[in-house]
Amino acid sequence: GENVEQHPSTLSVQEGDSAVIKCTYSDSASNYFPWYKQELGKGPQLIIDIRSNVGEKKDQRIAVTLNKTAKHFSLHITETQPEDSAVYFCAASRYSSASKIIFGSGTRLSIRP
Amino acid sequence: GAVVSQHPSRVICKSGTSVKIECRSLDFQATTMFWYRQFPKQSLMLMATSNEGSKATYEQGVEKDKFLINHASLTLSTLTVTSAHPEDSSFYICSTPGLAGGLETQYFGPGTRLLVL
């Protein structure tokens, strides 16, 4: 079945540095790739998403890249801040409003002051 | 503001009792909603797809008679954990499709933490 792999499982970076999280997916029909941030005890919050018709998308300090040929997609956070500390999940879906989303295993990001 | 709400936010119950969790889509009407379960330090695992006016679709390995899903209206889905046991203790999260910038996306609720004693 569909599978999404995510690396690394934990990541610690100095405040102000960049953080990169990478994911691969198995279902070649996937066309929607959201990223979620989850803080302790809360539900996941959508931070950025990308669809298969584009290769890169940026929103302030956050950017996502997609390589459909290699089935890779990555999250880049620049100028990291303490409030970026959280668990980040990548996900993939054959998107329509009725499509299920398959999550990666998560990356626990810690920002060192 | 919140797009999806869940009630209760946390619940403690005795083993053998049943617990009902509500998920409400606040901004969008949803013919389909999703229920996930998340164990500590793990990812979200899809349990079932809730379909308005018809039976839910369960993922492999999820007992449909134990996790009853009812999607009574376009804004409300309920998950009932029947005869709960300690191993059912988990974080239950629902999601609903919606629009962001005119494009389809999916929004998640704040979650319900269930502790079965």
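Here, every reference points to the structure presented above.
Just so it is clear, the structure is predicted and the values come from calculations on it, not from any experiment.

### As for the overall build of chain B
Argument step 1. In terms of regular secondary structure, chain B is built from 0 helices and 11 strands.
Argument step 2. Ordering the α and β elements of chain B from the N terminus gives β-β-β-β-β-β-β-β-β-β-β.
Argument step 3. In summary, chain B has a C-alpha radius of gyration of 14 Å against a globular reference of 13 Å for 117 residues, a match within 12%.
Argument step 4. Structurally, chain B occupies a C-alpha span of about 45 × 30 × 25 Å along its principal axes.
Argument step 5. Per-residue burial over chain B gives 51% buried out of 117 residues.
Argument step 6. Within chain B, the 9 negative side-chain charges are centred at a point lying 8 Å from the centre of the 10 positive side-chain charges.

### A few points about the interface of chain B and chain A
Argument step 1. Across the contact, 21 residues belong to chain B and 22 residues belong to chain A.
Argument step 2. Summed over both sides, the interface of chain B with chain A buries roughly 1,600 Å², with 54% coming from carbon and sulfur.
Argument step 3. Our enumeration of links across chain B and chain A arrives at 1 salt bridge.
Argument step 4. The partner of K100(A) in a salt bridge is E59(B), with the nearest N and O atoms 3.1 Å apart.
Argument step 5. With 5 residues, the single largest contributor to the side of chain B that touches chain A is strand β10 (residues 103–108) of chain B.

### A word on the state of the cysteines
Argument step 1. Scanning all chains against the criterion turns up 2 disulfides over all chains.
Argument step 2. Residue pairing for C23(A): its cysteine sulfur links by disulfide to C90(A), the two sulfurs lying 2.0 Å apart. Looking along the S-S bond of the C23(A)-C90(A) disulfide, the torsion reads about -100°, which is the left-handed sense. Of this pair, C23(A) sits in strand β3 (residues 19–25) while C90(A) sits in strand β9 (residues 86–92), and the two are 67 residues apart along the sequence. The same class applies to C23(A) and to C90(A), which are both buried.
Argument step 3. The disulfide partner of C23(B) is C94(B), and the S-S distance across this bridge is 2.0 Å. Across the S-S bond of C23(B) and C94(B) the torsion is about 80°, and the bridge reads as right-handed. Remark: C94(B) occurs in strand β9 (residues 90–100) and C23(B) occurs in strand β3 (residues 19–25); sequence separation between them is 71 residues.

### Brief notes about the sheet that holds strand β8 (residues 72–77) of chain A
Residue and element names in this part refer to chain A.
Argument step 1. Across the sheet, 5 strands lie side by side as β1-β3-β8-β7-β6; this open sheet has antiparallel pairing. Each edge of the sheet is formed by a strand with only one pairing partner; in this case those strands are β1 (4–7) and β6 (56–59). With strand direction ignored, the average angle separating the axes of adjacent strands in the sheet is 15°.
Argument step 2. As defined by bridge partners, strand β7 (residues 62–67) adjoins β8 across 6 bridges and the pair is classed as antiparallel. By the bridge assignment for β8, I62 is matched with I77.

### Observations concerning the sheet that holds β3(B)
All names here are of chain B.
Argument step 1. One open sheet holds the 4 strands; their spatial order is β1-β3-β8-β7, and the pairing between them is antiparallel. Single-partner strands in this sheet number two, and they are β1 (4–7) and β7 (67–73). Along the sheet, successive strands turn relative to each other by an average axial angle of 15°, direction set aside.
Argument step 2. As judged from the 5 bridges shared by β7 and strand β8 (residues 76–81), these two strands associate in the antiparallel manner. Counterpart to F67 in the pairing with β8 is V81.

### Points about the packing of aromatic side chains
Argument step 1. Taken as a whole, this structure holds 12 aromatic pairs over all chains when the rule is applied.
Argument step 2. Ring centres 4.9 Å apart and planes at 50° place the aromatic pair F33(A) and F73(A) in the tilted group. One end of the pair, F33(A), is in strand β4 (residues 32–38); the other, F73(A), is in strand β8, and 40 residues separate them in sequence. One exposure class covers both F33(A) and F73(A), and it is buried.
Argument step 3. Seen from their ring centres, Y36(A) and F103(A) are 5.6 Å apart, and the 40° between their planes marks the pair as tilted. With a gap of 67 residues between them, Y36(A) in strand β4 and F103(A) in strand β10 (residues 102–103) connect regions that are remote in the sequence.
Argument step 4. One aromatic cluster is present, built from ring pairs that chain together Y36(A), F89(A), F103(A), Y36(B) and F108(B).
Argument step 5. Taking the ring centre of F67(B) as reference, the NZ or CZ of K66(B) above it sits at 6.0 Å.

So, how was this worked out
Residues numbered from 1 in each chain as written. Chains lettered and ligands numbered in written order. Predicted model: local features only at pLDDT ≥ 70, side-chain atom pairs only at ≥ 80, totals over all residues. Heavy atoms only, no water. Helix = DSSP H or I, 4+ residues; strand = E, 2+ residues; numbered from the N terminus. Rg over C-alpha atoms; globule rule 2.2 N^0.38 Å. Buried < 20%, exposed > 50% of the residue type's maximum accessible area, 1.4 Å probe, protein only. Lys, Arg positive; Asp, Glu negative; His and termini not counted. Charge placed at Lys NZ, Arg CZ, Asp CG, Glu CD. Contact = heavy atoms within 4.5 Å. Buried area = accessible area lost by both parts, 1.4 Å probe. Salt bridge = Lys/Arg side-chain N within 4 Å of Asp/Glu carboxyl O. Disulfide = S-S within 2.5 Å. Pairing = 2+ DSSP bridges. Axes fitted to C-alpha atoms, helices over the stretch in contact; angles between N-to-C directions. Phe/Tyr/Trp six-rings, centres within 6.5 Å; stacked < 30°, edge-to-face > 60°. Lys NZ or Arg CZ within 6 Å of the ring centre and 35° of its normal.

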